[in-house]
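Spelled out from the first residue to the last, the chains are:
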Amino acid sequence: AGAGAGGGGTRFDLEKETELRFEVEAGEKVQLELLTGLAEVFGSELNRNKKYTFPPGSKIAVFTWQGCSVSLSGKTEVAYVSKDTPMLLYLNTHAALEQMRRQAERDNERGPRVMVVGPTDVGKSTVCRLLLSYAVRLGRRPTLVELDVGQSGVSVPGTMSALCIERPADVEEGYSVQAPLVYHFGSTTPGTNIKLYNKLTSCLAEVFSQRCEVNRKASVGGCIINTCGWVKGSGYQALVHCASAFEVDVVLVLDQERLYNELKRDLPHFVRVVLLPKSGGVVERSKDCRREARDDKIREYFYGFRGVSFYPHAFDVRFSDVRIYKIGAPSIPDSCLPLGMSQDDTQLKLVPVTPGRDLTHHVLSVSCADEGEEVAGGVRRGLLESPVCGFIVVTNVDTQGQVMTVLSPAPRPLPRHTLLIMDIRFIDLK
Ligand code: ADP
């Protein structure tokens, strides 16, 4: 870091339409303060003379439309000012969407439904956040639909969710999450169970459409759908499926011309497919980096986020008090399937899990499904389509005593007794 200024930090003077990009070093924190002018972080405005703290590994851009000066203190891996950003294009995209909302309001129609696609690390989540923040700043109430099961901005990994956005994302903490609608997927890549992935996409689309019918503001606000970076084969088919399930009006393709051309070819002609460049600031994240981000997200769920600490509970749950299922039986060759059963059925099948030592560290979703619902022919559709009300982690399994110890955000007893097992594991080091 260079010479100190503005309360011991390094001062950066930014011209209009430029951004300061920085990455926080591992094991360090960085404080940011806006000294003069106006600036925003991914669409959320900074307050003057407030210190914002970013944890290790954060990759941040402070953008200014008018010019500003900021100070940074703490150890950064990199910190530089860039004049070359696609922000003007992103702002124009927002303006076009806002135009559509105005028209929807006037003509009593529904607002834009937007799907953001592209390979991994092109800034999809960031573009979603930007568009949502700009929309709420104009008083809109757009919905974020999070289909990225690897890096969810809304809930723990392995979930698919929808969240009505009522205020810009918090500069430090992201979306303030009040009552998102969350479904259990169970793994960090759609490929693990593409049938389930598509089914849950349809579920979310249905619930969103129902909400739009009764809530005019939600309807006009429209939705921004964040998708996975898997854009080939079944991953591509899942995007096409999503476009049709949500009846999207606009698809924003980040950085990949091939994907843009394929979607233009395969989606109905009235869908506007737009190619946008990625920002040079987007940082590629390693596998380890992604795994860490997932771990952080789960830890946050149980322990809170810096300012707000949660105190999770540990207690024993008797095997006889819960039912644990895994969704999807291992696939078997078509020729071996029982008569009248298709491969779909096996992917959507609920397989009862007998608790054993190997359950240790797994994340389990607590389903909101009504108790006592019967398993009809092994395919309990009601359960797949039920949202989840929370998550627990198995910290110990005592097969002798027929009990398992769990980490839970709330004290005992569990609110519901139907649990769905994730592939995802979390090792609680606290
Ligand atoms: P994707 O959703 O396509 O995987 P993200 O939107 O999550 O990509 O962006 C990847 C990383 O890059 C995130 O950590 C994000 O904070 C960072 N990032 C995005 N845009 C910028 C930028 N302009 N400058 C610096 N970092 C950025």
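Residues numbered from 1 in each chain as written. Predicted model: local features only at pLDDT ≥ 70, side-chain atom pairs only at ≥ 80, totals over all residues. Heavy atoms only, no water.

For side chains bearing opposite charge, pairing can occur when the charged atoms are close. Enumeration according to the criterion identifies 23 salt bridges in this entry. The salt bridge involving Arg 110 is made with Asp 249; its shortest N-O contact spans 3.4 Å. Of the two residues, Arg 110 sits in the loop between α1 (87-107) and β11 (113-117) while Asp 249 sits in the loop between α5 (233-245) and β16 (250-254), which places them 139 residues apart along the sequence. Overlapping salt bridges, with partners in common, bring together Glu 98, Arg 101, Glu 105 and Arg 140 in one network. (Salt bridge = Lys/Arg side-chain N within 4 Å of Asp/Glu carboxyl O. Helix = DSSP H or I, 4+ residues; strand = E, 2+ residues; numbered from the N terminus.)

Attention now goes to helix α3 (residues 194-214). With 21 residues, α3 should reach 30 Å at 1.5 Å per residue; the first-to-last C-alpha distance of 31 Å fits that figure. Listing the buried residues of α3 in full gives Ile 194, Leu 196, Tyr 197, Asn 198, Leu 200, Thr 201, Cys 203, Leu 204, Ala 205, Phe 208 and Cys 212. (Expected span 1.5 Å × (residues − 1). Buried < 20%, exposed > 50% of the residue type's maximum accessible area, 1.4 Å probe, protein only.)

The ligand sits among 17 residues. The nearest are Lys 59, Lys 124, Ser 125, Thr 126 and Arg 285. Separating an oxygen atom of the ligand from a side-chain N or O atom of Thr 126 is a distance of 2.6 Å. A distance of 3.4 Å is found between an oxygen atom of the ligand and a backbone nitrogen or oxygen belonging to Val 283. For the ligand, whose free accessible area comes to 560 Å², the fraction covered by protein is 89%. (Near = heavy atom within 4 Å. Polar contact = N/O pair within 3.5 Å; in protein donor to acceptor, adjacent residues only side chain to side chain. Areas by Shrake-Rupley, 256 points an atom, 1.4 Å probe, with all protein chains shown as cover.)

So, about the environment of Glu 385. Relative to the assigned elements, Glu 385 resides in the loop between α9 (381-384) and β24 (388-398). Ignoring any residue separated from it by four or fewer positions in sequence, one finds Glu 385 in contact with Tyr 183, Lys 199 and Cys 203. (Contact = heavy atoms within 4.5 Å.)

In short, the description is geometric, and any link to function would need to be established separately.
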